[in-house]
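As a plain string of letters, each chain reads:
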Amino acid sequence: MSWRRVTLMDEALEKEWRRRAGVFFRSCLPYLGDMARSGLPLVLFALIITGSAFYTDFIDRIPANYPAAAVGTLLLAPVLYWNPMRTWLQPADLVFLTRRESSMGGYIRRSWRHTLPGGLLLAAAVLLLYWPIRSHVPEDAVSGWTPSLITVLVVVLALKLLGSGAAWRERQTAWPASRRLLKLLRLLLTVCMLYSWLSAEPLKALLVTIPSIILWWQASRIPARLRLPWEQLIREEERTAGRYNRFFGWFTDVPSQPSSVRSRPYFSWIASRIPLRRRSTYTYLYSLSIARTELGGMLLRLTLLGMLSSYWLGEAQWLQGWGAAACVLLFLVIAGLQSGALASWHRHTVWRHVYPLPESGRLRSAAVVDRFALIVILALLWLAGCLPLLIAGVVIPAVAAALLAILYLLLRPRRMLRRQMLEEEED
């Protein structure tokens, strides 16, 4: 009878885990559409193209004495060290679930099974992306040893499994100082084990790996541990949920996150150059809005990423320079998709009904600010991507990119005003 009661309790906790996970994922669904409309798929596509071109060119230029093992350790160590866990625990669980702590083993194992496969896939993906570098260097510069991909893949996955278990024991540690020391020790030992498997023969690597595992295990037995670290798991869950909200906040307004407003003096000075006249009121307002809100931050990050990608493609003259031209236009269109939201701002601001300002001036001012921002973005993107082409004598793609971008900026305000007026008429 008691066994049946325990089984029912485990099933109830399993059902509660699935319910909480479902609530979280359903809450994320509305933001995925905003992310798609913001141009994120285009950014990822541009990053893949740019990264592939740069990575291929980088591999072709690797010298024979390149420290491939050290680079692989630098890339893989953070992946093996990072072992998150989604438990969906909430502060109220300290009251309602602590009395069922003895039955929480299945709940925690469910969280572990949910998180671990993604970590294993990430570790394998990073290793496979890194391996062309390792295989390009036939022998390690120090030891003269060439490891096998299959062997290293098995070792990396095993270290990831061990790291996940070690991270759980670290969470169980009662004192924060002891937990930090154990994390630091695990990171150092992970670096040593990784470097040994990437640079030394398997037998020598085992002589490093086995003592390292024993050392960490003995060190983890010294501090006091909790059976279930409720407070630590709740803090981790709150931090993870906050990261998701901040990430979604880059693309849309998240109700649980307050609007981010920053001074950004390197942008705000532009608004001070606008004359303080009645017809410039909306221009001044929209200039400060785009400079101090998260929209300005998104455009800044997007521009920097686009400049870097365009410069790489332009310097490599990928596709005879047309790759850089396409990258400039692509990031300009993505920036336009982001800044297009500016026209819908301040539609329901109360002070518009207090001060006698014409409604038509609001949309025209939004279009002016939008065009000015895109002109600045276009200038930076074009200089980063097309100036290397002009220096190399590749003129036609650079000129074509400039002409098509100017045509886009000329046609954009009219379309934006027409679309916004139709939306407001429907409201």
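Because the structure is predicted, anything quoted here is derived from the model rather than measured.

Engineer: An account of the overall build of the protein chain is requested, with residue identities and associated values reported.
Structural biologist: A count of helical and extended segments in the protein chain gives 15 helices and 0 strands. Across the 427 residues that make up the protein chain, the buried fraction comes to 42%. Across the protein chain, contacts joining residues at least 24 apart in sequence account for 81% of those joining residues at least 6 apart. In the structure as shown, the protein chain presents an accessible area of about 24,000 Å², 68% of it carried by carbon and sulfur atoms.

Engineer: Give a detailed account of the layout of surface pockets, specifying residues and quantitative values.
Structural biologist: In this structure, the second largest pocket encloses a volume near 880 Å³. Considering the residues around the second largest pocket, the lining is formed by 34 residues, among which Trp82, Asn83, Pro84, Met85 and Thr240 are closest to the centre. The set of elements that each furnish at least two residues to the lining of the second largest pocket consists of helix 1 (2-37), helix 5 (105-136), helix 6 (149-172), helix 7 (176-199) and helix 9 (230-249). The leading source of residues in the lining of the second largest pocket is helix 9, at 9 residues. Grouping the constituent residues of the lining of the second largest pocket by class yields 13 nonpolar, 9 polar and 12 charged.

Engineer: Quick one: what's the story with the packing of helix 6 against helix 8 (residues 202-220), residue by residue and with numbers?
Structural biologist: Packing of helix 6 against helix 8 brings their axes to within 11 Å, and their N-to-C directions diverge by 15 degrees. By the angle class used here, helix 6 and helix 8 are roughly parallel. Judged by the twist between their axes, the crossing of helix 6 over helix 8 is left-handed. Touching Leu162, Ala166, Arg169 and Glu170 of helix 6 are Ile213, Trp216, Trp217 and Ser220, all from helix 8. In terms of residue class, the contact of helix 6 with helix 8 is made up of 5 nonpolar, 1 polar and 2 charged.

Engineer: Outline the state of the cysteines, supporting the account with residue identities and numerical values.
Structural biologist: For the structure shown, the criterion picks out 0 disulfides. Cys327 forms no disulfide, and the closest cysteine sulfur to it belongs to Cys386, at a distance of 9.7 Å. Judged by relative accessible area, which is 4%, Cys327 ranks as buried.

Engineer: So what's going on with the side chain of Asn83? Which residues, and what values?
Structural biologist: Position of Asn83 among the secondary structure elements: in the loop between helix 3 (68-81) and helix 4 (93-96). Taking relative accessible area as the criterion, Asn83 reaches 9% and is therefore assigned buried. Here the side chain of Asn83 touches Leu80 through a polar contact of 3.0 Å, landing on its backbone oxygen. Among the polar contacts made by the side chain of Asn83, one reaches the side chain of Lys160 at a distance of 3.3 Å. Excluding residues within four positions of it along the chain, Asn83 makes contact with Lys160, Gly163, Ser164, Ala167, Arg171 and Arg186.

Engineer: Could you give an account of the side chain of Thr240, with specific residues and numbers?
Structural biologist: Residue placement: Thr240 occurs in helix 9. A polar side-chain atom of Thr240 sits 2.9 Å from the main-chain carbonyl oxygen of Glu236.

Engineer: Describe in detail the packing of aromatic side chains, supporting the description with residues and values.
Structural biologist: For any two aromatic rings, the description comes down to two numbers: the centre-to-centre distance and the angle of the planes. Across all of its chains, the model carries 7 aromatic pairs by this definition. Measuring from ring centre to ring centre gives 6.0 Å for Phe58 and Tyr66, while their planes differ by 80 degrees; the resulting arrangement is edge-to-face. Judged by its relative accessible area of 28%, Phe58 is partly exposed. Judged by centre distance (6.2 Å) and plane angle (80 degrees), the ring pair of Tyr130 and Trp131 falls under edge-to-face. For the pair shown, Tyr130 and Trp131 are each scored as buried. Among the aromatic residues, ring-to-ring pairing joins Trp17, Phe24, Phe25, Trp88 and Tyr244 into one connected group. The residue whose ring lies beneath Arg86 is Phe24, and the NZ or CZ to ring-centre distance is 4.5 Å.

Engineer: Could you give me a rundown of the pattern of salt bridges, with the residues and numbers involved?
Structural biologist: Across all of its chains, the model carries 8 salt bridges by this definition. A salt bridge links Glu16 to Arg19; the nearest nitrogen and oxygen atoms lie 2.8 Å apart. Residue Glu16 and its partner Arg19 are both found in helix 1; the two are separated by 3 residues, about one turn of the helix. Take Glu16: its relative accessible area is 22%, and that puts it in the partly exposed class. One salt bridge in this structure joins Arg20 and Glu16, with 2.8 Å as the shortest N-O distance. Taken together, the residues Arg20 and Glu16, both in helix 1 and 4 residues apart, mark about one turn of the helix.

Engineer: Give a description of unusual backbone geometry that names residues and reports values.
Structural biologist: The residue Trp88 is not glycine, and still its phi comes out positive at about 60 degrees. If you trace the backbone, Trp88 turns up in the loop between helix 3 and helix 4.

Engineer: So what's going on with the environment of Leu153? Which residues, and what values?
Structural biologist: With respect to the helices and strands, the residue Leu153 is situated in helix 6. Classification of Leu153 as partly exposed rests on a relative accessible area of 21%. Leu153 sits 28 residues away from Ala125 along the chain, and the two C-alpha atoms are 10.0 Å apart. Apart from the residues within four sequence positions on either side, Leu153 is in contact with Ala124 and Leu127.

Engineer: Just give me the short version of a nonpolar patch on the surface, but keep the residues and values in it.
Structural biologist: On the surface, a nonpolar cluster with roughly 620 Å² of combined accessible area is contributed by Leu383, Leu387, Leu390, Ile391, Val395, Val399 and Leu403. Within the residue set of the nonpolar patch, elements represented by two or more residues are helix 14 (359-391) and helix 15 (396-426). Ranked by residue count, the leading element in the nonpolar patch is helix 14, at 4 residues. Here Leu383 is to be found in helix 14.

Engineer: Could you give an account of the packing of helix 3 against helix 6, with specific residues and numbers?
Structural biologist: As a packed pair, helix 3 and helix 6 sit with axes 9 Å apart at the nearest point and diverge in direction by 35 degrees. Two secondary-structure elements touch here, helix 3 through Leu76, Val79 and Leu80 and helix 6 through Val156, Leu159 and Lys160. Here the residues of the contact of helix 3 with helix 6 are counted per class, giving 5 nonpolar, no polar and 1 charged.

Definitions and cut-offs
- Residues numbered from 1 in each chain as written.
- Predicted model: local features only at pLDDT ≥ 70, side-chain atom pairs only at ≥ 80, totals over all residues.
- Heavy atoms only, no water.
- Helix = DSSP H or I, 4+ residues; strand = E, 2+ residues; numbered from the N terminus.
- Buried < 20%, exposed > 50% of the residue type's maximum accessible area, 1.4 Å probe, protein only.
- Contact = heavy atoms within 4.5 Å.
- Areas by Shrake-Rupley, 256 points an atom, 1.4 Å probe, with all protein chains shown as cover.
- 1 Å grid on protein atoms, 1.4 Å probe; cavity = no way out; pocket = protein on both sides within 12 Å on 5 of 7 lines; lining within 4 Å.
- Points joined across faces, edges and corners; volume = space filled by probe spheres on them.
- Nonpolar A, V, L, I, M, F, W, Y, C, P; charged D, E, K, R; others polar.
- Axes fitted to C-alpha atoms, helices over the stretch in contact; angles between N-to-C directions.
- Parallel < 35°, antiparallel > 145°, perpendicular 65-115°, else oblique.
- Left-handed = near helix turned anticlockwise from the far one by under 90°.
- Disulfide = S-S within 2.5 Å.
- Polar contact = N/O pair within 3.5 Å; in protein donor to acceptor, adjacent residues only side chain to side chain.
- Phe/Tyr/Trp six-rings, centres within 6.5 Å; stacked < 30°, edge-to-face > 60°.
- Lys NZ or Arg CZ within 6 Å of the ring centre and 35° of its normal.
- Salt bridge = Lys/Arg side-chain N within 4 Å of Asp/Glu carboxyl O.
- Patch = residues over 30% accessible without salt bridge, like charges linked within 9 Å, V, L, I, M, F, W, Y side chains within 5 Å.

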